[in-house]
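Below are the chains, spelled out letter by letter.
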Amino acid sequence: MKHPQNYGDERQLLQCVFCGGPTQTVDHCPSRVLLDEPYPEQLPTVPACLPCNNSFSLDEEYLACLVACVLAGSTDPDNVTRPKIRRILNSSPALRARIDQQKNESANGIVFQPEMPRVESVVTKLAKGHALFELNEPCLGEPDLIQIVPVELMTQEERQNFELPEAPAGWPEAGSRAMQRMLIMDEASLVSPWVVIQNGLYRYHAAAGAAISVQIMIAEYLACKVSWD
Ligand SMILES: [Zn+2]
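As the structure is a computational prediction, the values presented were derived from the model and not from experiment.

Draft legend 1. A look at the coordination of the zinc ion. Taken together, the protein donors to the zinc ion comprise Cys16 (SG), Cys19 (SG), Cys49 (SG) and Cys52 (SG), at separations of 2.3 Å. Viewed at the metal, the four donor atoms of the zinc ion are separated by angles of 101 to 116°, and the geometry they form is tetrahedral. When the donor residues of the zinc ion are listed from N- to C-terminus, their spacing reads C-x2-C-x29-C-x2-C. Highlighted residues: Cys19 in the segment before strand S1 (25–28) and Cys49 in the loop between strand S2 (45–48) and helix H1 (50–55), separated in sequence by 30 residues. On the basis of relative accessible area, Cys49 is assigned to the buried category, the value being 6%.

Draft legend 2. Main features of helix H3 (residues 83–91). Within H3, the full set of buried residues consists of Lys84, Ile85, Ile88 and Leu89. The buried residues of H3 occupy an angular sector of 130° when projected down its axis, which confines them to one face. Structural note: H3 exposes Asn90 and Ser91 on the side pointing more than 90 degrees away from its buried face. Summarising the contacts, the buried residues of H3 are in contact with helix H2 (57–72) and helix H4 (93–101).

Draft legend 3. Representation of the pattern of salt bridges. For the structure on display, the rule yields eleven salt bridges. Here Arg118 and Glu115 are joined by a salt bridge, their closest N and O atoms 3.7 Å apart. When the shortest N-O distance is used, the salt bridge between Arg159 and Glu163 registers 3.1 Å. Linking Arg159 with Glu163, this pair stays in helix H6 (residues 156–163), spanning four residues, or about one helical turn.

Draft legend 4. Seen up close, the sheet that holds strand S6 (residues 195–198). The strand order across the open sheet formed by five strands is S5-S9-S8-S7-S6, and the pairing between neighbours is antiparallel. Each end of this open sheet is capped by a strand with a single partner; those strands are strand S5 (145–150) and S6. Looking at each pair of strands side by side, their axes are set apart by 15° on average, direction ignored. Here strand S7 (residues 202–208) pairs with strand S8 (residues 212–218) via seven bridges, running antiparallel. Across the sheet, the residue bridging to Tyr204 is Ile216, located in S8. On the sheet, H6 packs against S7, S8 and strand S9 (222–228) and is oriented at approximately 110° with respect to S8.

Draft legend 5. Expanded view of the side chain of His205. Tracing the sequence through the fold places His205 in strand S7. On the basis of relative accessible area, His205 is assigned to the buried category, the value being 10%. Setting aside chain neighbours within four positions, we find His205 in contact with Pro165, Pro193, Trp194, Ser213, Val214 and Gln215.

Draft legend 6. Representation of H2 within the structure. Its 16 residues give H2 an end-to-end C-alpha distance of 22 Å, which sits within 8% of 22 Å, the value for a rise of 1.5 Å per residue. Taken together, the buried positions of H2 are Asp59, Glu60, Tyr62, Leu63, Ala64, Cys65, Leu66, Val67, Ala68 and Cys69. Residues of H2 that are buried sit in contact with H3, H4, strand S4 (109–112), helix H5 (116–135), S8 and S9. Just downstream of H2, Gly73 is the residue with a positive phi angle, here 65°.

Draft legend 7. Broad picture of the packing of aromatic side chains. Throughout the structure, instances matching the rule amount to two aromatic pairs. Ring centres of Phe162 and Trp194 lie 5.3 Å apart, and the angle between their planes is 45°; on these two criteria the pair is classed as tilted. Pair noted here: Phe162 is in helix H6 and Trp194 is in the loop between helix H8 (187–191) and S6, with a separation of 32 residues, a long-range link. Judged by its relative accessible area of 7%, Phe162 falls in the buried class. For Trp194, a relative accessible area of 8% puts it in the buried group. Positioned over the ring face of Phe133 is Arg177, at 3.7 Å from the centre of the ring. The positively charged end of Arg203 is found above the aromatic ring belonging to Trp194, 4.5 Å away from the centroid.

What counts as what
- Residues numbered from 1 in each chain as written.
- Predicted model: local features only at pLDDT ≥ 70, side-chain atom pairs only at ≥ 80, totals over all residues.
- Heavy atoms only, no water.
- Donors = N, O, S within 2.8 Å, 3.2 Å for Na, K, Ca; no water.
- Tetrahedral: all angles 85-135°; square planar, octahedral: opposite > 155°, others 65-115°.
- Helix = DSSP H or I, 4+ residues; strand = E, 2+ residues; numbered from the N terminus.
- Buried < 20%, exposed > 50% of the residue type's maximum accessible area, 1.4 Å probe, protein only.
- Arc of directions from axis to C-beta.
- Contact = heavy atoms within 4.5 Å.
- Salt bridge = Lys/Arg side-chain N within 4 Å of Asp/Glu carboxyl O.
- Pairing = 2+ DSSP bridges.
- Axes fitted to C-alpha atoms, helices over the stretch in contact; angles between N-to-C directions.
- Expected span 1.5 Å × (residues − 1).
- Phe/Tyr/Trp six-rings, centres within 6.5 Å; stacked < 30°, edge-to-face > 60°.
- Lys NZ or Arg CZ within 6 Å of the ring centre and 35° of its normal.

Structure representation (structure tokens):
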């Protein structure tokens, strides 16, 4: 997918999107471990410092593997559909064992007890990246809200609200990608406000109003919402 150019205030791009430190590299947002090859053209990237760029990779790998194992109901690589995750689980027995320890057989089937601080850290990182890329809004502080819910645990109403988020009260910054997407509005974006990075694996929606709000759907399984007041 082609993303619009950012014509917003370029000063926002001079600092690490995660900590505000000096820009030393770019970070793919979403991280490639959440996507399959061949990767989409033009993956969104955001400026980052090297320590931040490196600090998330183990947690991102954990989240990608966790979601794949939950969907498979198993940590056995042979049961996992994504080839990349199969490779990671095969080459990282410790990670596989760790996720396996979080798996419980209950009367309702197999349930995983994820390490929420790690999941929240990755989801917050992704949301910061999307907020900058789409809205040209740096969100350096801790978010005011983080919701991470498996789709199957949402009520129908919650699901509807998540899929069709309310239009923001204000317009995004002039020149930001979100503003341009509003102006370009092709048929697809009239039907859905989501930016689909890879079908079935990753989509997001970012809005600026009274709050900066980012919604992320991972593998059509994990519905995430992060906002800053
Ligand atoms: Zn940083």
